[in-house]
Amino acid sequence: WWYEGGGIYRHVQLVRASPLHVEQDGLFAYSNLTKASDGSVASATVHVSATIVDVSPSPSPALSLSTCVSFSIVGPGSDRVVASTFVGNLRFSPSAAGASAMARAELHVPSPAIWSAATPVLYTVHASVHVGGCAAAATDAVSAPHGFRTLHYDANTGFFLNGEHFKVRGFCDHNSFAVVGMAVPARINLFRAQALRAVGGNGRRTSHNPPDVSLLDIYDRVGVVVMDENRLFANETRYVTNMGVLVKRDRNHPSVIIWSFCNEGGCEGSHELGGPRFNEISYRFDGSRPTLANMFTFGDLLSNTVDVQGFSHQNRQKLDKCHAQLPHKPIFMSECCSCNTMRSEDEGCETTYDNPHTACIQKSFNARCAESNAATNASDGVDYAVGTMVWTLFDYYGEPPVGGLEVIGTYGQFDLCGFPKAASLWYRMQWLYGVPDGPDKPFRTDGGHEVHLVESWESPDAFPSTVGQKTRAVHAYSSAPKVELLVNGKSKGVLPVTRMVDGPGSYAEWTKVEWESGIITVIARDAAGKPVANTSRRTNSATASIALTLDAPSSLTGTGNSLLLDGQDAALVRASILDAAGHVKHLASNLVTFRIVSGPGRIQGTHNGDPHALLASSDPTFPAYHGLVRAVVRTTSTAAIDAHQRSLLRAIDLEGPFSAPKSPSSSSSSSSLFAKGASGADGSSSIDPIVVEASSPGMAPVRLSIPVSADAATAGVMAAAAASAGKPVSFF
């Protein structure tokens, strides 16, 4: 089983409202687009509604006549109102809470900007409640995001976003990360979303829980489409109610394109009797998106209830059979491709088929599994399939390959710390560089190519399973049709590389390359033989130094340029063990210790991504795994929080970052910045960075400065997400 967390691991908000207010998640807006003759969007009609409740002990009979609800739509990145209206004379009727009424209206927006993967433009819908006329002061006001876009699912041609074909190339993920467990800060969730985009992904399945709302806020801004999944499924009122709560909460997010009721065995047997009621409540509260279940079977009650047939880990033959027997049903490979690997492991067991559950070390090379018609290409290679959700993007806590003391599942394309595995580069070649620029790509690649080596170039004697051997196997992933291998400048041959969708052979493989110390290089060549990309690996020399780099916040990874001083934000620091030539030491396992030298931060913990690691991740010291160690650094200052909110939080956060200093002698960098807000010690607007030091026995310590800011408008996670839309990100 995967680790589902414990305690409070998401933000909890206490909302105080007037007795007359908009019901929680009671504001809903969906739109219909009208196109001009040239195909552009001429206008949009926004259908908006708000459920108004009055929980007064004795609701006034005159309330219906005196209550007004005002609706408005504000344009992207501004306060410009693009449409507005109001509704009066509401009809209140008795409800469980007291009295309730529904306000409905239509607003017309000329030439709206469209929400898409490359340009995820967000508008904001506002609703306010007034008593005594719309000019009176509001008793309550709420808002919700809105994206103008259309969805269409076709049984023969797949999915269309805004009328353009959109092949979903996505990943499932559980909601855990190294050190932080299930309590994942928003900055790390942005890092995870950008990692998805970096490999060509455009979709995310929230397996198997309703997501943190901040995740959807991020996907809304970076242009990733979402399969929003429910947790528990059965013909029971409590589970049906939960599905309704999920739909009401998430229905305004344009990134959400489909609802998923259940997962695998949880969809089967008597569980499927819940299908009709789940479908009804989804349509009652939304109706603008289809429904799906992640199933092993088709043609049964649940299959015939949902709008889109979801499949989990089925091969091409199964999809073809379903398509033939249910010709009017769209098909989505909602989970596939458990092709386990461990980061930077050159030797061990190769995963050649789906989910093998082997106890041995799992090789980095897994393309034979990933490319097969029983995995990614089962759905990626046929036009009728909506798309694919690969299991998973990141390794996660729980579900190790076999039982025992291991605690990490190795299904990810990135390890638990967010360090990329070779498998992530295979998807980058297939899904980013291997497809033409279009509406379903996260950013343009303009016909460029890349090539990547899977293995290191260390001696066979460096690995227990190949001691005494004279040759190494070498694999390369590339988007180009040919790859040449050179060892110390001598060619070992040119091999063809085929796109996965065109047939097997999405990699170049040299099985017995005579090893000699030095440099191996792979050169990607186009169809005419012209070099278009290259990369090299070198045999490591002696361990020499540590290097510190910042993976988040970082402009390279699309995660911003500085941490926000909100007492919650998190940075991802990478320590690399280098040889004398400055290259990462492939087999390094040196202990690395992190500490804060100065500034408003603390080391929350460390990890290395090794699935076999059992050390406490709350410790500031951790050994390297293939030369890398991760530290998570949290801000301790609350300078970005306004004074009123800080005073409220201070009353309940007695020991955490929002607590007040107990005495002048106990003041720390956290409390001093709490007191002076967003200004530096000299009253200026500057704030000192967080300075982190890493050390290891026998090597000189090194330091890294993490920029910080008290300006949420520029340094906040959502601002960073919005700024990255449509732009390239790099994790390699």
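Residues numbered from 1 in each chain as written. Predicted model: local features only at pLDDT ≥ 70, side-chain atom pairs only at ≥ 80, totals over all residues. Heavy atoms only, no water.

A. Structural context of the overall build of the chain. Across its full length, the chain holds 14 helices and 38 strands. Compactness check: the chain gives a C-alpha radius of gyration of 27 Å against a globular reference of 27 Å for 732 residues, within 12% of the reference. Considered along the principal axes of its C-alpha atoms, the chain spans approximately 90 × 75 × 50 Å. Put simply, the chain has 732 residues, and 56% of those count as buried. Looking at the chain alone, contacts between residues at least 24 apart form 66% of all its contacts between residues at least 6 apart. As displayed, the chain offers around 28500 Å² of accessible surface, 54% of which is attributable to carbon and sulfur atoms. Within the chain, one finds 57 positive and 65 negative side-chain charges whose respective centroids are separated by 2 Å. (Helix = DSSP H or I, 4+ residues; strand = E, 2+ residues; numbered from the N terminus. Rg over C-alpha atoms; globule rule 2.2 N^0.38 Å. Buried < 20%, exposed > 50% of the residue type's maximum accessible area, 1.4 Å probe, protein only. Contact = heavy atoms within 4.5 Å. Areas by Shrake-Rupley, 256 points an atom, 1.4 Å probe, with all protein chains shown as cover. Lys, Arg positive; Asp, Glu negative; His and termini not counted. Charge placed at Lys NZ, Arg CZ, Asp CG, Glu CD.)

B. Up close: the packing of helix H2 (residues 186-198) against helix H3 (residues 213-222). Running from N to C, H2 and H3 point in directions that differ by 40 degrees, and their axes come no closer than 10 Å. In this view, H2 runs oblique relative to H3, as classed from their interaxial angle. The handedness of the crossing between H2 and H3 comes out as right-handed. In contact with Ala186, Asn189, Leu190, Ala193, Gln194 and Arg197 of H2, H3 contributes Ser214, Leu215, Ile218, Tyr219 and Val222. Tallied by class, the residues present in the contact of H2 with H3 amount to seven nonpolar, three polar and one charged. (Axes fitted to C-alpha atoms, helices over the stretch in contact; angles between N-to-C directions. Parallel < 35°, antiparallel > 145°, perpendicular 65-115°, else oblique. Left-handed = near helix turned anticlockwise from the far one by under 90°. Nonpolar A, V, L, I, M, F, W, Y, C, P; charged D, E, K, R; others polar.)

C. Structural context of the sheet that holds strand S4 (residues 81-88). Ordered in space as S4-S3-S7-S8, the four strands form an open sheet in which the pairing is antiparallel. Looking along the sheet, the strands with just one partner apiece sit at the ends: S4 and strand S8 (138-146). Strand-to-strand, the axes of this sheet are offset by a mean angle of 15 degrees, without reference to chain direction. Both strand S3 (residues 67-74) and strand S7 (residues 123-131) contribute to a ladder of eight bridges, which runs antiparallel. Considered in S7, the bridge of Val69 is made with Val129. (Pairing = 2+ DSSP bridges.)

D. Focus on the environment of Phe419. Tracing the sequence through the fold places Phe419 in the loop between strand S21 (408-409) and helix H10 (422-432). Take Phe419: its relative accessible area is 0%, and that puts it in the buried class. Not counting chain neighbours up to four residues away, the residues in contact with Phe419 comprise Arg343, Phe414, Asp551, Arg574, Asn608, Leu628, Val629 and Arg630.

E. Here's a closer look at the environment of Ala138. Tracing the sequence through the fold places Ala138 in strand S8. Taking the C-alpha atoms as reference, Ala138 lies 13 Å from Phe86; in sequence the two are 52 residues apart. Contact partners of Ala138, with chain neighbours within four places excluded, come to Ser128, Val129 and His130.

F. Spatial organisation of a nonpolar patch on the surface. On the surface, a cluster of nonpolar side chains totalling about 310 Å² of accessible area is made up of Leu405, Val407 and Leu614. Tracing the backbone shows Leu405 in the loop between strand S20 (396-397) and S21. Taking the relative accessible area as the measure of exposure, Leu405 reaches 69% and is therefore exposed. (Patch = residues over 30% accessible without salt bridge, like charges linked within 9 Å, V, L, I, M, F, W, Y side chains within 5 Å. Salt bridge = Lys/Arg side-chain N within 4 Å of Asp/Glu carboxyl O.)

G. Layout of the sheet that holds strand S23 (residues 471-478). Read from one edge to the other, the open sheet built from three strands follows the order S22-S23-S26, with strand pairing classed as antiparallel. Each of the sheet's edge strands pairs with one partner strand only, and the pair in question is strand S22 (451-453) and strand S26 (508-514). Going across the sheet, the axis of each strand differs from the next one's by a mean of 25 degrees, ignoring polarity.

H. Spatial organisation of the side chain of Glu406. Relative to the elements of secondary structure, Glu406 occurs in the loop between S20 and S21. Although buried, Glu406 forms no salt bridge, and the nearest oppositely charged side chain, Lys421, lies 11 Å from it. A polar side-chain atom of Glu406 sits 3.1 Å from a polar atom in the side chain of His612. With residues near it in sequence (within four places) discarded, Glu406 still touches Pro400, Pro401, Pro611 and His612. (Polar contact = N/O pair within 3.5 Å; in protein donor to acceptor, adjacent residues only side chain to side chain.)

Taken by themselves, the reported measurements are silent on function.
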